[in-house]
Amino acid sequence: MLQDALGAAGYPERVLVACSGGPDSLALAAVAAHFGRRGHVDGHPVSVGAVVVDHQLQPGSAAVAATTARTLEDLGLSPVQIRTVDVSATGMGPEAAARDARHAALDAAADEAGAGVILLGHTLDDQAEQVLLGLARGSGTRSLAGMRPSRGRLLRPFLGLRRADTLEICQAEGLEPWHDPSNTDPAYARSRTRVEVLPLLEDKLGPGVAESLARTAAILQLDADYLEDVANDTFDRLQEQDGEEISLPEAALRDLAPAVRFRVIAKAAAAVGGQQPSYQRLLAAEALLRRRGSAGPVELPGSVSVYRLSLSQLLAEQPSAAGGVPREPARCGKLVFRPQQPPRK
């Protein structure tokens, strides 16, 4: 699996393994170390280092990171970095905040090491949990598509491997993995999914549920990628920028398939600094297209307002070009996206 993943990534000469000390990432480090000791993958030269991120979220985390680093050095990985991060409280929740801090640390470590790829130890079980969490939250296609095998510098070569397989690899290599207590802490939705929900589904529906969920993610990734490409092309074709504002012609928006229309509206919001709107907020913005006259504004996440300008209002406000020659008149109304101005102090 790792050999194929590195081949698909173009055989990077420098590889960095992200390792927490848990069984999944430790097993991945052991497999990567095999290629590092050999010095090549399919005849292409390779060197393998590692990075351990200490989130400082649990007592003794520094000791766990130091022990993991020594294990990785014993495997022959070099250099081995320890990155300590501060996980800031955000509205996204502790898991998302920790992920963002971790990815920033991984990027910095990869830059310093000159690594072309960063290996992550996510397994098929992680993918199945991701799909279930997306279903529970009522998420769209992109979320249900789960984690990608590759994204930028990130590679997940173990997405086809079960968690039990990584434990067997550690046992075969004589490695003692660290078991993160948060993985069984019922305070976290992912932990409840791992410990309670998936085992219950396997018990009630029979074996193979995790594989089916992971297969669903793989299928939806193809659909999500196609819709994303169509939405990107459509947004680039329709969007008009005026200073900080971006507008979209309402007639063209109405003609789009709903799956594309919602994505184009979300892209317009992002283009003026907004965040991904919820489905309810997208519905509220899209509903402006069905009103007569000017309407709005609708507030979207990230301090973005969207409102509709009617054709009659656009014609009334149509300025003349230089020399008194009228500009081409507007032919339809439009949705306008603008960043909200911060309140004056």
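Up top is the structure these notes are about.
Residues numbered from 1 in each chain as written. Predicted model: local features only at pLDDT ≥ 70, side-chain atom pairs only at ≥ 80, totals over all residues. Heavy atoms only, no water.

Student: Mind showing me how you'd approach the sheet that holds strand E13 (residues 334-339) here?
Tutor: Backbone hydrogen bonds are what pair the strands of a sheet, in a parallel or an antiparallel way. Pairing within the open sheet is antiparallel, and its 5 strands lie in the order E9-E10-E13-E12-E11. For this open sheet the edge positions go to strand E9 (240-242) and strand E11 (295-300), each flanked by a neighbour on one side alone. With strand direction ignored, the average angle separating the axes of adjacent strands in the sheet is 25 degrees. By the bridge criterion, 3 bridges tie E9 to strand E10 (residues 245-249) in an arrangement that is antiparallel. Looking across to E10, one finds that Glu240 is bridged to Ser247. (Pairing = 2+ DSSP bridges. Helix = DSSP H or I, 4+ residues; strand = E, 2+ residues; numbered from the N terminus. Axes fitted to C-alpha atoms, helices over the stretch in contact; angles between N-to-C directions.)

Student: Looking at this model, I keep getting lost on the nonpolar core. Mind explaining?
Tutor: Across soluble globular proteins, nonpolar side chains show a tendency to be buried alongside one another. Ranked by size, the top nonpolar core spans 32 residues in total, and within it Leu6, Val17, Leu72, Leu77 and Leu119 carry the most contacts. Listing elements by their share of this core, those giving two or more residues are helix H1 (2-8), strand E1 (14-18), helix H2 (23-38), strand E4 (47-54), helix H3 (61-75) and strand E6 (117-119). Looking at this core, the element that brings in the most residues is H2, giving 8 residues. Leave out the neighbours within four places in its chain, and Leu77 touches Ala29, Ala33, Val48, Gly49, Ala50 and Leu72. Of all hydrophobic cores here, the second largest spans 27 residues; its members include Leu256, Phe262, Ala295 and Leu335. (Core = buried A, V, L, I, M, F, W, Y, C linked by side-chain atoms within 4.5 Å. Buried < 20%, exposed > 50% of the residue type's maximum accessible area, 1.4 Å probe, protein only. Contact = heavy atoms within 4.5 Å.)

Student: For this particular structure, what's the right way to read the side chain of Arg156?
Tutor: For Arg156, the location among the structural elements is in the loop between strand E8 (154-155) and helix H7 (163-172). Buried charge without a partner: Arg156 forms no salt bridge, and the closest opposite charge is Asp126, 8.1 Å away. Polar contacts involving the side chain of Arg156 include one to the side chain of His122, which spans 3.0 Å. Only 3.0 Å separates the side chain of Arg156 from the backbone oxygen of Arg148, close enough to count as a polar contact. Ignoring sequence-local partners within four residues, the contact set of Arg156 consists of Leu120, His122, Met147, Arg148 and Pro149. (Lys, Arg positive; Asp, Glu negative; His and termini not counted. Salt bridge = Lys/Arg side-chain N within 4 Å of Asp/Glu carboxyl O. Polar contact = N/O pair within 3.5 Å; in protein donor to acceptor, adjacent residues only side chain to side chain.)

Student: Help me out: how do you make sense of the sheet that holds E8 in this one?
Tutor: Strand order across the open sheet formed by 6 strands is E5-E4-E1-E6-E8-E7, with mixed pairing between neighbours. The strands lining the two open edges of the sheet, one partner per strand, are strand E5 (80-84) and strand E7 (150-151). Pairing of E1 with E4 involves 5 bridges; the strand directions are parallel. When the bridges of E4 are listed, Val15 appears paired with Val48. Its contacts with the sheet put H3 on E4 and E5, and the angle it makes with E4 is roughly 170 degrees.

Student: Looking at this model, I keep getting lost on unusual backbone geometry. Mind explaining?
Tutor: Residues Ser78 and Pro79 are joined by a peptide bond in cis, for which omega reads -5 degrees. One can find Pro79 in the loop between H3 and E5. Positive phi outside glycine occurs at Asp42, with the angle close to 55 degrees. By the element assignment, Asp42 lies in the loop between strand E2 (40-41) and strand E3 (44-45). For Asp42, a relative accessible area of 39% puts it in the partly exposed group. Even without being glycine, Ser303 reaches a positive phi, approximately 60 degrees.

Fair warning: the whole summary comes from geometry, so function is off the table for now.
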